[in-house]
Amino acid sequence: MKKKKLWLVTGVAAAAVLAAGTVTFAYQSGSDSEEQAVYKEVTVEKGNLTAGVTESGSVTIGTLDQTLDFSEDSSSASTQNNSSAQNSAGENATSSTSTASTLEVETVYVAAGQSVAEGAPILKLTEESVASYKKDLEEAVTEAKTAVSEAGLSAEKQKVSASYSYNLSTAEESVAQETYEAAIKQLQEAVDDAQEAVDTSASLINYYQEQIDAGVDLSASLTEEQENYDKLYTKLVAAKNNYTTKSIEAEKTLKEAELSAKNASSQYSVDVSGADNDITDAKDTLSDAEEALEEFEAAIGDDGTIYAEYTGTITDLSYEAGDTISSGATVATFSNTDAVTITVSVSEEDITNIAVGDVVEIELSAYEDQTFAGEVESIDTSSSSGSSTVSYN
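Residues numbered from 1 in each chain as written. Predicted model: local features only at pLDDT ≥ 70, side-chain atom pairs only at ≥ 80, totals over all residues. Heavy atoms only, no water.

Focus on the overall build of the chain
Tallying secondary structure elements over the chain gives three helices and 19 strands in all. Relative to its 393 residues, the chain shows a buried fraction of 35%. Residue pairs in contact within the chain that sit at least 24 positions apart in sequence constitute 73% of those at least 6 positions apart. On the chain, roughly 21700 Å² of surface is accessible, and the fraction owed to carbon and sulfur atoms is 48%. (Helix = DSSP H or I, 4+ residues; strand = E, 2+ residues; numbered from the N terminus. Buried < 20%, exposed > 50% of the residue type's maximum accessible area, 1.4 Å probe, protein only. Contact = heavy atoms within 4.5 Å. Areas by Shrake-Rupley, 256 points an atom, 1.4 Å probe, with all protein chains shown as cover.)

What follows is the structure, given as structure tokens:
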């Protein structure tokens, strides 16, 4: 890949965009956005061509935020490609925490614009606020442990109740089957008895009629038995009707018991699972509380001092003595020299010499005998026209 050399008349090391458009690439820098003057030079060397452009550019420096978080990560960083810090002290102070206490800043050891090394003290919290905050976290752990014990006892009771309900349902199914069979048997016997009585009466009527036909005077007995037959037949009809309705009711009771028993197993599983879930939730809460305490102790330390997690220049310091700080708040913002870009406006005549991915070397007058490496990251395809030139931004 061909190399291009760019000289920036500035005291800042920057990555360059070399194209008839806006070309952006990473470089090492310690400055915020500012206009850069560049000049064009063409030198013929054996085997190589060194070229430059005379245009203006701007530098953007990324940032790293050092935050406090005792509920998930004790301290985390986020990278922002902005030329200035975005958070203010007021915004940071609104971060929420699981405790009722707040942490109060006692002393601030650094200031915005100051270069610090990783591990250097940034600020110190008051002993009273640290102790109060830690006490809240410790009480949360104690309460969570109690909740785990209570969840265990409640789960045992719930499982006993679930087991009782299951056994009762299965027992009721067995009893319901026996009750159904007994009811059907009793109903059928009533019908059979009524039918037998009707059949006996009918036989007597036939007998009396045969005797009368033979000349024996049994008219009174025949009349009496015919009346008896009518009564017995009415009882038979009632017995059959009773069998129909009562057997349906008995079958309904049986089916309900069978359905209840069928669902008893799944209901038992649901009840037991619910009890186990309560224990799991309580243990998760305990784990979170213990983790929060551990992360607090790791982030704050024994002396209540918060130390820098990065090496670099502090671009924004959110707190001063007397301020309160909570979990999730941004303590300080550092310039991120690994996330620096430069945008250069390049004239139309130079665009054909530049392509995305080109490796470039940058030399600055403020850093003699030093060369900074960069890479063309992007080229803007839109252009802007001046009085006599066309450039790309």
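Text resumes after the structure shown.
A few points about the packing of aromatic side chains
Taken as a whole, this structure holds five aromatic pairs when the rule is applied. Measuring from centroid to centroid gives 5.8 Å for Tyr-207 and Tyr-208, while their planes differ by 55 degrees, and the two rings are tilted. Considering the side-chain rings of Tyr-310 and Phe-334, the 5.5 Å spacing of their centres and the 70 degrees angle between planes classify their relative orientation as edge-to-face. Taken as a pair, Tyr-310 in the loop between β11 (305-307) and β12 (312-317) and Phe-334 in strand β14 (residues 330-344) lie far apart in primary sequence, 24 residues in all. Classification of Tyr-310 by relative accessible area gives buried; the value is 17%. (Phe/Tyr/Trp six-rings, centres within 6.5 Å; stacked < 30°, edge-to-face > 60°.)

With respect to the sheet that holds strand β8 (residues 103-108)
The strands that make up a sheet are held in pairs by hydrogen bonds between backbone atoms, and each pair lies either parallel or antiparallel. Across the sheet, which stays open at both edges, the four strands sit in the order β11-β10-β8-β13 with antiparallel pairing between neighbours. In this open sheet, the two edge strands, each paired with only one partner strand, are β11 and β13 (324-325). In terms of strand pairing, strand β10 (residues 121-125) meets β11 through three bridges, oriented antiparallel. Paired with Leu-123 across the two strands is Ile-306, which belongs to β11. Against the sheet, helix α2 (residues 127-213) touches β8 and β10, its axis set at about 150 degrees to β8. Packed on one face of the sheet, helix α3 (residues 219-300) meets β8, β10 and β11 and runs near 80 degrees to β11. (Pairing = 2+ DSSP bridges. Axes fitted to C-alpha atoms, helices over the stretch in contact; angles between N-to-C directions.)

Let's talk about the pairing of β10
Of the pairings in the sheet, the one linking β8 to β10 comprises three bridges and is antiparallel in character. Its bridge partner lying in β10, Val-108 is registered against Leu-123.

Considerations on the environment of Gln-186
Residue position: Gln-186 is located in helix α2. Using a relative accessible area of 57% as the deciding quantity, one classes Gln-186 as exposed.

A word on the confidence of the model for the chain
When the pLDDT values of the chain are averaged, the result is 76; 71% of them are 70 or greater. Contacts for the low-pLDDT stretch residues 1-39, under 50 throughout, to residues beyond four places or in other chains number 193 contacts. Counted against residues more than four places away or in other chains, residues 72-98, with its pLDDT under 50, gives 66 contacts. (pLDDT = per-residue confidence, 0-100.)

Some thoughts on the nonpolar core
With 38 residues, the main nonpolar core has Leu-103, Ile-122, Leu-123, Leu-125, Ile-325 and Phe-334 as its most contacted residues. Looking at this core, the elements with two or more residues in it are β8, β10, α2, α3, β12 and β14. Core analysis: the second largest hydrophobic core is formed by six residues, Val-191, Ala-194, Leu-236 and Ala-239 among them. (Core = buried A, V, L, I, M, F, W, Y, C linked by side-chain atoms within 4.5 Å.)

Notes on the pairing of β12
Of the pairings in the sheet, the one linking strand β9 (residues 115-116) to β12 comprises two bridges and is antiparallel in character. Looking across to β12, one finds that Val-116 is bridged to Gly-312. The pairing of β12 with β14 spans three bridges and is classified as antiparallel. Across the sheet, Leu-317 pairs through a bridge with Ala-332, a residue of β14.

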